[in-house]
Amino acid sequence: MLTQRLVLTGDEAHDLPLIQQAAAIIRAGGLVAFPTETVYGLGADALNSEAVRRIFLAKGRPAWDPLIVHVDEPEAIRRYTRDYSVLTEQLIRAFMPGPLTLVLPKRALISEVVTAGRDTVAIRIPQHPVARALIRHSGTPIAAPSANKFGRPSPTTADHVLHDLNGEIEAVLDAGQTPMGVESTILDMTTQPPTLLRPGGVPKEAIEAVIGEVRLLRDSFAENEPLPAPGLSARHYAPKAKVVLCAPEPEQFYDTIRDALERYAFVGAMRPAGWHVPIAPRVRVFEWGDWGDWHTLAHRLFLGLRTLEREQVHAIVCPLPPEEGLARAVRDRLQRAAHE
Ligand code: AMP
Ligand code: MG
């Protein structure tokens, strides 16, 4: 199969026919990768089980790992879910469109292939104008996981998508780098209080300011108990190089790189602005951004991991962000990328 790259320019007269072409592919049961405000998604018609099955095949994603359904208005959330509570309404008003996904009891219309046989569905309204236009012109909800091979860093550019999926999908809508760079926050609304399944673009603190207490997934289980949520495998988002985390201090960063040079031939460094790295021909540096500027660090996280991977380093040293605000999402991705 030839994967078409449909390059958008932001000019409506130029872009509209390309979005319509992509929408026709979705309606015909095909696969289209498209930009959202978080990362690129791999979309198929969520009401067409055969089309959704193809997502799992293209990604190499296990069938037990459910997908997020993307819609373009709150009314569509009502159409595909049940037991819409006051809290759900408040969250929709505060954060949608935007990088917040809610897990709600599903209606029968949504294919069990999408939800991996569960009676709940994860649903969100993306903010990116291209994602919204694609959903609207397709006239159907779009099931979309991130457009990478299973377990790899999420794609934030069309090049990343093609690196992983060229020849396996019909098209990619190319609108440049995605703004947020980390995936949506996932909140399970079927528990009381709601449970944060995955930190993401909307910080836990912002959600709590609207609906009160939110439970962390790990608070509800004993240390050694396996977590019940699907798709939250400890290892994920991983480049081919080993990710080595260090405390977020310039001296620790420097020392960790120096130690890594004793064990690995080529070492990559995700460098916060102004932090020193050992001068050595075997060090490759990715200029990450100002430490504490979480928007920039999130935006450039997966780009950095994929860029250093392409430079064939054996290890990537990276300082670990704190557990707060948007930093919590960056921290979560790095911990999974570093997991054995
Ligand atoms: P991705 O689209 O690749 O970012 O992954 C979507 C993730 O959403 C899955 O890996 C699950 O962790 C989560 N998810 C999707 N649907 C459900 C659901 N019905 N219940 C709980 N978690 C879900
Ligand atoms: Mg993913």
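Use the structure listed above.
Definitions and limits used
- Residues numbered from 1 in each chain as written.
- Chains lettered and ligands numbered in written order.
- Predicted model: local features only at pLDDT ≥ 70, side-chain atom pairs only at ≥ 80, totals over all residues.
- Heavy atoms only, no water.
- Helix = DSSP H or I, 4+ residues; strand = E, 2+ residues; numbered from the N terminus.
- Rg over C-alpha atoms; globule rule 2.2 N^0.38 Å.
- Buried < 20%, exposed > 50% of the residue type's maximum accessible area, 1.4 Å probe, protein only.
- Contact = heavy atoms within 4.5 Å.
- Areas by Shrake-Rupley, 256 points an atom, 1.4 Å probe, with all protein chains shown as cover.
- Lys, Arg positive; Asp, Glu negative; His and termini not counted.
- Charge placed at Lys NZ, Arg CZ, Asp CG, Glu CD.
- Polar contact = N/O pair within 3.5 Å; in protein donor to acceptor, adjacent residues only side chain to side chain.
- Core = buried A, V, L, I, M, F, W, Y, C linked by side-chain atoms within 4.5 Å.
- Near = heavy atom within 4 Å.
- Nonpolar A, V, L, I, M, F, W, Y, C, P; charged D, E, K, R; others polar.
- Pairing = 2+ DSSP bridges.
- Salt bridge = Lys/Arg side-chain N within 4 Å of Asp/Glu carboxyl O.

Visitor: I'm lost on the overall build of the chain in this one. Help?
Guide: A tally of helices and strands in the chain yields 11 helices and 15 strands. Its C-alpha radius of gyration of 20 Å places the chain within 12% of the 20 Å reference for a compact globule of 340 residues. In the chain, which comprises 340 residues, the proportion classed as buried is 57%. Put simply, of all contacts in the chain between residues at least 6 apart along the chain, 66% involve residues at least 24 apart. On the chain, roughly 14,200 Å² of surface is accessible, and the fraction owed to carbon and sulfur atoms is 51%. Where the 37 positive side-chain charges of the chain centre and where its 41 negative ones centre are 4 Å apart.

Visitor: Just checking my understanding: could you explain helix H2 (residues 49–59) for this structure?
Guide: Note: α-helices contain 3.6 residues per turn, so residues at a spacing of three or four share the same orientation. Within the sequence span of H2, burial applies to Ala51, Val52, Ile55, Phe56, Ala58 and Lys59. Tucked inside the fold, the buried residues of H2 contact strand E3 (40–45), helix H5 (112–115), strand E7 (142–143) and helix H7 (158–165). Put simply, Asn48 is the residue that caps the front of H2, since its side-chain oxygen is 3.1 Å from the backbone nitrogen of Glu50. Of the residues one or two after H2, Gly60 is the one with positive phi, at around 70°.

Visitor: Help me out: how do you make sense of the nonpolar core in this one?
Guide: Proteins that are soluble and globular tend to have nonpolar side chains buried together. With 47 residues, the main nonpolar core has Leu42, Ile77, Leu91, Leu102, Leu187 and Ile207 as its most contacted residues. Counting residues per element, this core draws most heavily on H2, which supplies 5 residues. Every residue in contact with Ile77, bar those within four places of it in the chain, is listed here: Val71, Tyr84, Ile92, Met96, Leu104, Ile123 and Ile125. Met180, Leu303, Leu320 and Ala327 belong to the second largest nonpolar core, which has 27 residues in total.

Visitor: Whenever I open this one, the site of ligand 1 confuses me. Can you help?
Guide: By nearness alone, 18 residues border ligand 1, and Arg61, Asp65, Thr120, Arg198 and Pro230 come closest of all. Between ligand 1 and Arg61, the relevant distance is 2.9 Å, taken from an oxygen atom to a side-chain nitrogen or oxygen of the residue. A distance of 2.6 Å is found between an oxygen atom of ligand 1 and a side-chain nitrogen or oxygen belonging to Asp65. Protein coverage of the free-state accessible area of ligand 1, which is 510 Å², stands at 95%. In the shell around ligand 1, the residues fall into 11 nonpolar, 3 polar and 4 charged.

Visitor: Is there a simple way to think about the pairing of strand E10 (residues 195–198) in this case?
Guide: Both faces of the sheet carry side chains from a regular strand, because those side chains alternate between them. Bridging between strand E9 (residues 185–188) and E10 involves 3 bridges; their strand directions are antiparallel. Bridging from a neighbouring strand, Leu187 pairs with Leu196 of E10. Bridge count between E10 and strand E11 (residues 215–216): 2 bridges; the pairing is parallel. Residue Thr195 lies in a different strand from E11, and its bridge partner there is Arg215.

Visitor: Even after reading the chapter, I still don't get the pattern of salt bridges, so can you show me in this structure?
Guide: Two side chains carrying opposite charge are able to pair once their charged atoms lie near each other. Applying the stated criterion across every chain, the model contains 20 salt bridges. A salt bridge links Lys149 to Glu168, with the nearest nitrogen and oxygen atoms 2.9 Å apart. On the criterion of sequence distance, the pair formed by Lys149 in the loop between E7 and H7 and Glu168 in the loop between H7 and strand E8 (171–174) is long-range, its members being 19 residues apart. Ionic pairing is found between Asp332 and Arg333, a salt bridge with its closest N-O pair at 2.6 Å. When sorted by exposure, Asp332 lands in the same class as Arg333, which is buried. Connected via shared salt-bridge partners are Arg152, Asp164, Arg306 and Glu309.

In short, geometric facts, not functional conclusions.
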